[in-house]
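# Secondary and tertiary structure notes
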Amino acid sequence: MEAQCSIGMRKLLYTLFFLSATTFLKPCEAQTAAGNATWALLLQNAGIAAMHAAVTFMGPVIFLDRTDIGPSQIALANNICRNDSLDQTLTYDCSAHSVMFDPASNTVRPLYIATDTWCSSGQFLPNGTLLQTGGFNDGVQKIRWLSPCAADGDCDWVESTTNVLQAGRWYATNQLLPDGTQFVLGGQFSNAYEFVPSNGLGLFNLDLLSTQGYFDWYPFVHLLPDGNLWIFANRDSILLDYTTNTVLQNYPSITGEPRNYPCAGSSVLLALDGDYTQAEVLVCGGASVMAPGNVTAQYPASQTCGRMVVTSPTPAWTMFEMPIRRNMGDMVMLPTSDILIINGAQNGAQGWDSATNAALNPVTYYPDTSTFVVEPATTIARVYHSIAVLLPDGRVLIAGSNCHILYTFTGDFPTELRVEAFSPEYLDPVNDPMRPQITTAPEILVYNTSFTVQITIPTAPTGVVGLTLVSVPFTTHSYSQGQRQIKLPVTAPTAIAGSATPAYSISAIGPVSGTVAPSSYYMLFAVNNGIPSTAVWVNVQE
C-alpha cells in the first residue's frame, strides 16, 4: 500500500502494524515544508548567559549559568544575597545565576541557586521534577532539583542537605532509566558511573573513559530499546548492560576528529519507529585534536557526520559531510523527526576564547534521505556555553554564549544575554491550512495501551496524521542529555460528524515499555504531511 506525500519530495510505503483487530499505519511525512524559516529576537536581556537549559511541562524554560562568575545582570528577588566563602570571584553576591524564562510573555524570573553549577548535568524525573547534579567547587557533589510551576508561581531550586553524589561530577552526563533512577557518568573527576538515587549501589568504573584522557567529558549516552546503554567518548563507543556492569559490545571507532568535550560534536538517537527494535545514532561535528587550548592556530572544525545502526549484528559507521563545518553545534530533534544543527563555530574548540568564525547558518538534516538544507543565518554568534531547545509550539529557543571567565561585553564574542527563537519552515503561515490542532488528548499515556486523540485541520488530510512523542532533555555544551523521540503507531484519521471545523479522531498505542520511553513528561505532536501541531503535554507511565 503506497501513498504520495502531498508536499514532500519522495514516496514512503506504509508499514502495517496488526495489533488486536486494528490496523496501525506509519505516517507519510514530507521531506520539506513549504515557506521560509525565520528568526525572532524574544528578549534583549535575560539577566544571565544560559549555559544549561531545560523546558518544563508547566511551560517555562529553566536557564542556568555558573555561580562563581561574578555578578550577573539580574538581581535575586526580595533582597536576597548569597554569602559563599568558597566562591573565588565574588563571595557576597546579590545577583541570580538561574532564571525561569516564560516563552508566552518573553519575561524572566530570578531563581536562587546555592552552589556552583558550572558544567553540571541533569535530567527530568518521571514526575516532571528537574534533577540537577554536580558542578564545580562547592557544587561538585551536589544534588539539587526544581519542581516546575507556572510562570506566575514561586518554585525555586532546592539543594539536598542529606544526599550527595558518590563522586565529584564536572562535565558529566545523565540518562533517565526505565525505573525512574538516573544513570550519571563521567566528568573530569571520575571515570565511573553511579545511580541517583543510589539504591544502595556504589561506583562502577568504565574503562572506556579511563582510556580516552582529556577528550571524554560529557560523554554521549543513549538508552536503547533493549534496555542497554550506548555510550560514546572521543571516537569510541560501547554497549553497556548497566544492571550487571558488563560491556556487551565494542563498536568500530568513528573516523575523523574527537567528538566530545572539548572538541564538541553532538549526538542524537534517531526517532524510534516501527516495532522499536532498531536503534540508530547520529554523531556530527567535532574539532581537531590540536584545537583545544590552541587559541592562535584556530584549526578548522570537523565537517563530518556518522550514522550507525547500533542494534545491527554488523554495526558500521556511514560517514558523510555537512554543508558547514562545525563544533559546539546543538542538535535538536524537530517534531518532524528531522535534526536541526544550530549554534557553534567553524574554527577552534570549546574553552575560554578558543573558537572563531561563528557558524551563523543552521542546517537541517533529513534522516530519511540523508540530505541537508542550509537555513537562514542569525546575526548573533552562539559559541561556547550556548543552548538550543525545542518548544511545544515547534519553535527552537536559543540563548547563551559566553567564552569568557567573567561576563565580558566587549570584543568579537561578547557575553550574550539575548534570547532568540528560530522558526523552521513548517511554522510559515503558508502551511496553516494543513496544520493540525490537538483538541482532545489524554493526560496520561499507559505503556502498550490504546488511546484516542482528536484533532482539527482546516484542510482535510490526504494521508495518515502521525503522533510523535518528544522528550524534554537537559541541554548543555552542545549535547541534549536524554533527548529522544518515539513515533507511535496510529490509525488513519476518522472524520467526526457535526463539527463546525473539520475534526478527526486518531487511535494510537502508547510506547511498548520504559526502555522505549522512560516514564516522564513528553510533548505529543500531531504531524500532517510534515506540518506539526502545537504539542500537548502527556505523562508516559505504567
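Residues numbered from 1 in each chain as written. Predicted model: local features only at pLDDT ≥ 70, side-chain atom pairs only at ≥ 80, totals over all residues. Heavy atoms only, no water.

Along the protein, the regular secondary structure elements total 1 helix and 48 strands. Compactness check: the protein gives a C-alpha radius of gyration of 22 Å against a globular reference of 24 Å for 542 residues, within 12% of the reference. Taking the principal axes of the C-alpha coordinates as reference, the protein spans close to 70 × 50 × 45 Å. Within the protein, the proportion of its 542 residues that are buried is 62%. Put simply, of all contacts in the protein between residues at least 6 apart along the chain, 60% involve residues at least 24 apart. Accessible area for the protein stands at about 18,600 Å²; split by element, carbon and sulfur atoms hold 52% of it. If you average the places of the 20 positive and of the 40 negative side-chain charges in the protein, the two averages end up 4 Å apart. (Helix = DSSP H or I, 4+ residues; strand = E, 2+ residues; numbered from the N terminus. Rg over C-alpha atoms; globule rule 2.2 N^0.38 Å. Buried < 20%, exposed > 50% of the residue type's maximum accessible area, 1.4 Å probe, protein only. Contact = heavy atoms within 4.5 Å. Areas by Shrake-Rupley, 256 points an atom, 1.4 Å probe, with all protein chains shown as cover. Lys, Arg positive; Asp, Glu negative; His and termini not counted. Charge placed at Lys NZ, Arg CZ, Asp CG, Glu CD.)

If you look at the biggest cluster of nonpolar residues, it comprises 58 residues, and the most contacted ones within it are F63, W157, L390, V396, L397 and V419. For V419, the contacting residues outside a window of four places in its chain are A40, L41, L42, L43, A46, F63, F101, R382, L397, I398 and A399. By size, the runner-up hydrophobic cluster in this structure holds 41 residues, among which are L239, L488, V516 and A517. (Core = buried A, V, L, I, M, F, W, Y, C linked by side-chain atoms within 4.5 Å.)

For the rest of this paragraph, the subject is the sheet that holds strand 35 (residues 396–400). In space, the 4 strands of this open sheet follow the order 5-36-35-34, with antiparallel pairing throughout. Where the open sheet ends on each side, the last strands, each with one partner, are strand 5 (38–43) and strand 34 (386–390). Between one strand axis and the next, the sheet turns through 25 degrees on average, direction left out of account. The sheet contact formed by strand 35 and strand 36 (residues 419–423) spans 3 bridges and is antiparallel. Residue pairing for strand 36: V396 is matched across the bridge by F422. (Pairing = 2+ DSSP bridges. Axes fitted to C-alpha atoms, helices over the stretch in contact; angles between N-to-C directions.)

Summed over all chains, the structure comprises 3 disulfides. Paired through a disulfide, C149 and C155 show a sulfur-sulfur distance of 2.0 Å. Disulfide C149 to C155: torsion about the S-S bond roughly -70 degrees, handedness left-handed. Owing to a relative accessible area of 12%, C149 belongs among the buried residues under this scheme. For C284, the disulfide goes to C305, at an S-S distance of 2.1 Å. With the S-S bond torsion at 115 degrees, the cross-link from C284 to C305 turns out right-handed. (Disulfide = S-S within 2.5 Å.)

A few words now on the UniProt feature "domain: Galactose oxidase-like Early set" (unreviewed entry) in the protein. UniProt records the feature "domain: Galactose oxidase-like Early set" (unreviewed entry) for residues 435–540 in the present numbering. For residues 435–540, the end-to-end C-alpha separation is 25 Å, with 0% helix and 52% strand making up the annotated structure. (UniProt positions renumbered as here; feature names shortened; annotations may be inferred.)

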